[in-house]
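# Descriptive analysis of the structure
Take a look at the letters that make up each chain.
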Amino acid sequence: MAQQITLIGGGLVGALLAQQLAGRGFAVDVFEKRPDPRVAGFSGGRSINLALAERGLHALRQAGLADDVLQRAVMMRGRMVHTRDGRSGLQRYGVDDSEVIWSVSRGALNMLLLDAAEAAGVRFHFGQSLAGADFDAHRIRLADEQGVERDIDAPVVIGADGAGSALRAAMNAYAPLGERVESLGHAYKELEIPPGGTLPAALVGDSGGHDQFALEPHALHIWPRGGYMCIALPNTEGSFTVTLFLPAQGAHPSFATLPDATAARAFFQHDFPDLLPLIPDFAADYDGHPVGTLSTLYLQRWHLDGRALLVGDAAHAIVPFHGQGMNCGFEDTVVLASLLAEAPGDTAEVFAEFQRIRQPNADAIAAMALENYVEMRDSVADPHYLAKRELGALLAGRAPQHFMARYRMVTFTHLPYAYAYERGRAQDLLLEQLLRGSTQAASVDLDAAVAALHATLPPLPDPLHG
Ligand SMILES: Cc1cc2nc3c(=O)[nH]c(=O)nc-3n(C[C@H](O)[C@H](O)[C@H](O)COP(=O)(O)OP(=O)(O)OC[C@H]3O[C@@H](n4cnc5c(N)ncnc54)[C@H](O)[C@@H]3O)c2cc1C
């Protein structure tokens, strides 16, 4: 008889994991708190999007879903940086169009994954929320949307129930997991730029020949402003989802000093004058959309022997500034599904091994995501940062076996995050030494720099089989 696995949460990671496990012969039941989005609609109809990169795509390829997802995605070639003086310029992510990221709709992706999991034999139970667990009795408690509770058998339960995981709370109450949640102190709010066609022609201007988009569609737009920023990702129907990131509390500007659309409009007029006119429903968006908090979750233990395990955000929620939370969670599913398929009867060993493999990588991407906030909101407009970037690109061109920008390692390869973090640190040190504070990459003797690179760092591993 197929081994039974109970999953909590049918979000992005839960649905993909369920599909992969069912495909490997497990009997999978998923209990999801929300109603079925294919019936009820997703997130109140708002377009919320995410950046999908190579790690996530790799997992989707394994699941046979990459082509379907990419058909519903918008390619982003790089960062379009919008400076205070109204100028904009594209900083490419990779060397060419083989190194791009993709903007995907969270709702559409989730629904596609639910369909795929169901087709693989997964049984979904929507409107069913985990309310507690009795790990000694191997049972969990579920509550329906009316609050009616029932207990069911669940000898092996996996929590893909997100950053506020109820399974994590139940596990922690049974045996402490060593949980630490570090708030970033910054929060976010989503706003929307509608398709260009609905904006006055004078505002849209030249959007690169893509009439329906108000801005260049094939880019992740950033308005860096030092301690805060806005970003915008394109949606297939021509709109952009804008996210404002600001300190939650404290001196102006913060969400505390911008409690409503009136205050926020004056702030946008001053700080984002080119962006504001593209958001015609600014007041309704600002007053109607919630302020989201941002934290990093660290756990000492991800599992309770072979009885319960946490994956995705439930185990390692990170801040979104590297666009890797989902990608990392998707990478989790590949590792876990293959470990379970190899030793289906030994979940205690599999869960321990899963944590051993994934935790150093989750810690590394958590650290890099925090560092990337500073880079995005500040350094992308800093001359020394730009000189380092330029010198890095020159070295990567001259010695591709020895130098690869950390962003590329994270975004376009399968090299473990922990490797990318360490290698990135070593490369950064070398760039600092070569530049000696200069803002001119051209001031560096490239032959000597390549020689120093070869002398200091070993060749890179195969990037797609790292
Ligand atoms: C502003 C922002 C931007 C982001 N941008 C990116 C990006 O560009 N790229 C990227 O890779 N990542 C991004 N992320 C991170 C990404 O959203 C998460 O890493 C990803 O959603 C994690 O998936 P998950 O399935 O683990 O959790 P979730 O997506 O949170 O899904 C959890 C699921 O569990 C369900 N659930 C919750 N509690 C219960 C319960 N008690 N019982 C049953 N079900 C329950 C929920 O309803 C939900 O369906 C971003 C995050 C934020 C906040």
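Source: prediction; values computed, not measured.

Further remarks concern the sheet that holds strand E18 (residues 303-304). Strand order in the open sheet formed by 6 strands is E8-E2-E1-E12-E19-E18, and the pairing between neighbours is mixed. Unpaired on one side and paired on the other, strand E8 (123-126) and E18 mark the two borders of the sheet.

The subject of this paragraph is the site of the ligand. Around the ligand there are 32 residues in total, and Gly-9, Gly-11, Gly-162, Gly-312 and Gly-325 lie nearest to it. For the shell around the ligand, the secondary structure elements donating two or more residues are helix H1 (12-23), strand E2 (27-32), strand E3 (49-52), strand E9 (129-134), helix H10 (313-316) and helix H11 (325-342). Looking at which element gives the most residues to the shell around the ligand, the answer is H11, with 4 residues. Taken together, the residues of the shell around the ligand break down into 13 nonpolar, 14 polar and 5 charged. Each of two domains, domain 1 (4-73 + 106-181 + 295-371) and domain 2 (183-294), supplies a minimum of three residues to the shell around the ligand.

Here we take up H1. End to end, H1 covers 17 Å across 12 residues, agreeing with the expected 16 Å (1.5 Å per residue, within 8%). Here H1 lies mainly inside the structure; 12 of its 12 residues are buried. Within the span of H1, buried status applies to Leu-12, Val-13, Gly-14, Ala-15, Leu-16, Leu-17, Ala-18, Gln-19, Gln-20, Leu-21, Ala-22 and Gly-23.

Attention now moves to unusual backbone geometry. In this model, His-252 is joined to Pro-253 through a cis peptide bond whose omega is 0 degrees. One non-glycine residue, Asp-305, lies in positive phi territory at about 30 degrees. Inspection of the secondary structure assignment puts Asp-305 in the loop between E18 and strand E19 (308-310). The exposure class assigned to Asp-305 is partly exposed, which follows from the 13 C-beta atoms found within 10 Å. Even without being glycine, Arg-436 reaches a positive phi, approximately 45 degrees. Along the chain, Arg-436 turns up in the loop between helix H15 (417-435) and helix H16 (446-456).

A few words on the environment of Leu-415. You can see Leu-415 is positioned in the loop between helix H14 (406-412) and H15. For Leu-415, a count of 21 C-beta atoms within 10 Å corresponds to the buried category. Taking C-alpha positions, Leu-415 is 23 Å from Asp-67, a pair spaced 348 residues apart along the chain.

A separate point is the confidence of the model for the chain. Here the chain averages 94 in pLDDT, and 95% of its residues register 70 or above. For the chain, the element scoring lowest by mean pLDDT is helix H7 (residues 201-204), at 61; E19 scores highest, at 99.

Turning our attention to the sheet that holds strand E10 (residues 139-143). Either a parallel or an antiparallel arrangement is found when strands of a sheet pair, and the pairing is made through backbone hydrogen bonds. With respect to topology, 3 strands assemble into an open sheet ordered E9-E10-E11, the strand pairing being antiparallel. The open sheet is flanked by E9 and strand E11 (149-153), the only strands paired with a single partner. Across the sheet, the axes of successive neighbouring strands diverge by a mean angle of 30 degrees, strand direction being ignored. With 5 bridges joining them, E10 and E11 adopt antiparallel strand pairing. The residue bridging Ile-140 from the neighbouring strand is Ile-152, located in E11.

Of all hydrophobic cores here, the largest spans 134 residues; its most connected members are Leu-17, Ala-18, Leu-167 and Val-311. Apart from residues no more than four positions distant in its own chain, Val-311 is found in contact with Val-13, Leu-17, Ile-158, Ala-160, Gly-329, Asp-332 and Leu-336.

Conventions adopted
- In this numbering scheme, every chain counts its residues from 1 along its sequence in written order.
- Only residues with pLDDT of 70 or above have their local features reported here, since the model is predicted, and side-chain atom pairs are shown and tallied only from 80 upward, although totals for entire chains, interfaces and linings are computed over all residues.
- Two strands make a pair as long as DSSP finds a minimum of two bridges between them.
- Each helix corresponds to a stretch of at least 4 residues labelled H or I by DSSP, and each strand to a stretch of at least 2 residues labelled E; elements are numbered beginning at the N terminus.
- Each residue gets a C-beta atom placed from its backbone. Should that atom fall within 6 Å of a molecule or strand, the residue is termed near it.
- For this scheme, ten residues count as nonpolar: Ala, Val, Leu, Ile, Met, Phe, Trp, Tyr, Cys and Pro. Four count as charged, namely Asp, Glu, Lys and Arg, and the remainder, Gly too, count as polar.
- The domain boundaries here were taken from an automatic or database domain assignment.
- Helix span, expected: 1.5 Å multiplied by one less than the number of residues in the helix.
- To sort residues by burial, count the other C-beta atoms lying within 10 Å of each one's C-beta; a count of 20 or more means buried, 12 or fewer means exposed, and anything in between means partly exposed. C-beta atoms are built from the backbone.
- One confidence number per residue, pLDDT, is output by the predictor and ranges from 0 to 100.
- Simply put, an axis is a line fit to the C-alpha atoms, just over the touching stretch for a helix, and the angle between two N-to-C directions goes from 0 to 180 degrees.
- The term nonpolar core means buried Ala, Val, Leu, Ile, Met, Phe, Trp, Tyr and Cys residues held together as one set by C-beta atoms within 7 Å.
- Each residue is represented by a C-beta atom placed from its backbone, and any two residues with such atoms within 7 Å are regarded as in contact.

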